[in-house]
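# Coordinates in review
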Amino acid sequence: MFNVRTDLAIEAREIYAKEHKNKSEIDGVIVKEENKNRVKVTKVEVTSESGAQKIGKPVGNYITIDMPELTSYDGEVIDDISEVLADNISELVDTSKSSSTLVVGLGNWNVTPDSLGPKVAEKIMITRHLKTMMPDSIDDAVRSVCAIAPGVLGTTGIETGEIIKSLVDKIKPSLVICIDALASRRLERVNRTIQLGDTGIAPGAGVGNHRMQINKENLGVPVLAIGVPTVVDAATIANDTIDLLLDEMIENSDKGGEFYSMLKTIDKKEKSKLIKEVLNPYVGSLMVTPKDVDTIIEAVSRIISNGINLALQPDLEIEDINKFMN
């Protein structure tokens, strides 16, 4: 089996379905789709351990938001996606019962494709210090929010999960929201998809760096994970390209000919393994990202921060959030 790197539940389900001859229904996995404000939303609910084993995702809820093509200056599209994101955040976690929230921007701010988390954290409306220092001056409707971008193990020497666990034990938030860059199986989903999940997150898992999981079991409080795939494995791109070429050759060759028979006997799983073995000495575990990633990360970080701000401060409108950002 080709070891495909993906953090997206929707892709894990697609991979399982394809390996089992496009099986549309998977026991223990419920999928629903809807559209709102030109945005497609897919909800994947893993309801049993059997379903979790099949798609490789823990029991829980996953929401995938497919963003329409956007530009960093298209304010209307950004606002629409932010509002859809806010609605889905409130659906996964009851923010009305959250007395305080810790927002964590995971990732390395020095590496652009991995800087999404820190960029979101710096755009969050921080109110915890105001609620503490000026309680009489702050409306009760304003919720306590704090944020941190703890960096990565390579720059701090400290496990990210340990930093967050220490903070949670000290300040005792009722909810933790983690934002991180993910890895995708499909190039067309890179920087075009937002995933929400209520099962927590494992920093670096998409690129093969397995760290302490940040979830309710380890922290003792609910954890909402928000991620955007910013990279795709180079071996996956090469594999998909050759698959498309083979399918095209099979489609256009003589169905009864020797060449057609030879193409049909190619084992795609063995081919995938061979691709990784050939590429590894030259590029290693190479991850690929679009050339305009700087601009895209800036726009997507604004979408996510706006969505979080709207969900945590429901008395505010998107116009109020934009004024705060400017």
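Chains are numbered independently. Their residues run from 1 in the order of the written sequence. The predicted origin of the model limits local features to residues at a pLDDT of at least 70 and limits the giving and counting of side-chain atom pairs to 80 or more, whereas totals for whole chains, interfaces and linings rest on all residues. Excluding hydrogens and water, the side-chain figures rest on all heavy atoms present in the structure.

Labelled according to an unreviewed UniProt entry, the chain appears under the name Germination protease, originating from Clostridium intestinale URNW. Note on the chain: under the UniProt heading Catalytic activity (unreviewed entry), the record states "Endopeptidase action with P4 Glu or Asp, P1 preferably Glu > Asp, P1' hydrophobic and P2' Ala." UniProt positions are given in the numbering used here, feature names are shortened, and annotations may be inferred rather than shown by experiment.

Each α-helix turn comprises 3.6 residues. Residues three or four places apart therefore point the same way. Within helix H1 (residues 9–19), the full set of buried residues consists of Ala9, Ile10, Glu11, Ala12, Arg13, Tyr16 and Ala17. Here a residue-residue contact requires only that any non-hydrogen atoms of the pair lie within 4.5 Å. A helix here means a DSSP run of H or I that spans at least four residues, while a strand means a run of E at least two residues long, and both kinds are numbered starting from the N terminus. Contacts from the buried residues of H1 go to strand S1 (29–36), strand S2 (39–46), helix H2 (49–55), strand S3 (60–66), strand S6 (175–184) and strand S7 (193–197). Classification of residues uses two cut-offs on accessible area relative to the type maximum, computed with a 1.4 Å probe and protein chains only: under 20% is buried, over 50% is exposed, and between them is partly exposed.

Counting through the fold element by element, Val152 comes out in the loop between strand S5 (144–148) and helix H6 (153–156). The contacts of Val152, once residues within four sequence positions are left out, are Gly107, Asn108, Asp114, Gly157 and Thr160.

Between the N-to-C directions of two axes lies an angle of 0 to 180 degrees, each axis being a line fitted to C-alpha atoms and, for a helix, fitted only over the stretch in contact. Two elements in contact, helix H3 (residues 75–92) and helix H12 (residues 293–312), have axes whose closest approach is 8 Å; the angle formed by their N-to-C orientations is 45°. By the criterion of interaxial angle, the relationship of H3 to H12 is oblique. The two elements H3 and H12 cross, and the hand of that crossing is right-handed. Taken together, the residues of H12 that come into contact with H3 (itself represented by Ile78, Asp79, Ile81, Ser82, Glu83, Leu85, Ala86, Ile89 and Ser90) are Ala299, Arg302, Ile303, Ile304, Asn306, Gly307, Ile308, Leu310 and Ala311. The residue classification treats Ala, Val, Leu, Ile, Met, Phe, Trp, Tyr, Cys and Pro as nonpolar and Asp, Glu, Lys and Arg as charged. All others, Gly included, are polar. Here the contact of H3 with H12 is composed, by residue class, of 11 nonpolar, 4 polar and 3 charged. Note that the term roughly parallel is reserved for angles under 35 degrees, roughly antiparallel for angles over 145, roughly perpendicular for angles of 65 to 115, and oblique for everything else. Left-handed is the label given to a crossing in which the near helix is rotated counterclockwise from the far helix by less than a right angle, and right-handed is the label when the rotation is clockwise.

Glancing now at the pattern of salt bridges. We define a salt bridge as a contact between a side-chain nitrogen of Lys or Arg and a carboxyl oxygen of Asp or Glu at a distance within 4 Å. Tallied over the full model, the rule gives 12 salt bridges. Through salt bridges with shared partners, one network takes in Glu11, Glu14, Arg186, Glu188 and Arg189.

Distance thresholds for patches are 9 Å for like charges and 5 Å for nonpolar side chains (Val, Leu, Ile, Met, Phe, Trp, Tyr), applied to residues having over 30% relative accessible area and no salt bridge. For the accessible areas, the method is Shrake-Rupley and the probe is 1.4 Å, while residue cover comes only from the protein chains on display. A contiguous nonpolar surface patch, about 370 Å² in accessible area, is contributed by Leu274, Val278 and Tyr282. Summarising the element assignment, Leu274 is placed in helix H11 (residues 268–283).

Turning to the nonpolar core, a few remarks are in order. In this structure, Ile194, Leu196, Ile226, Ile304 and Ile308 are the most contacted members of the largest nonpolar core, which totals 41 residues. Ranked by the residues each element gives to this core, the list is headed by H12, at 11 residues. In terms of nonpolar packing, the next biggest core, distinct from the first, is built from 17 residues, Leu102, Ile164, Cys178 and Ile214 among them. Remark: nonpolar core denotes a set of buried residues (Ala, Val, Leu, Ile, Met, Phe, Trp, Tyr, Cys) joined through side-chain atoms within 4.5 Å.

Over its 19 residues, helix H9 (residues 234–252) runs 27 Å from end to end, which matches the ideal 27 Å to within 8%, given 1.5 Å per residue. Buried within H9 are the following residues: Ala234, Ala235, Thr236, Asn239, Asp243, Leu246 and Ile250. Multiplying 1.5 Å by the helix residue count minus one yields the expected span of that helix.

Now for the environment of Pro118. In this fold, Pro118 is placed in helix H4 (residues 116–121). Residue classification places Pro118 among the buried residues on the basis of a relative accessible area of 8%. Linking Pro118 and Ala149, residues 31 residues apart in sequence, is a C-alpha distance of 5.2 Å. Residues contacting Pro118, with those up to four places away along its chain left out, are Gly105, Leu106, Gly107, Trp109 and Ala149.

Quick look at unusual backbone geometry now. The residue Lys172 is not glycine, and still its phi comes out positive at about 55°. Mapped onto the elements of the fold, Lys172 is located in the loop between helix H7 (160–171) and S6. Despite not being glycine, Asn191 shows a phi value in the positive range, around 60°. Along the chain, Asn191 falls in the loop between S6 and S7.

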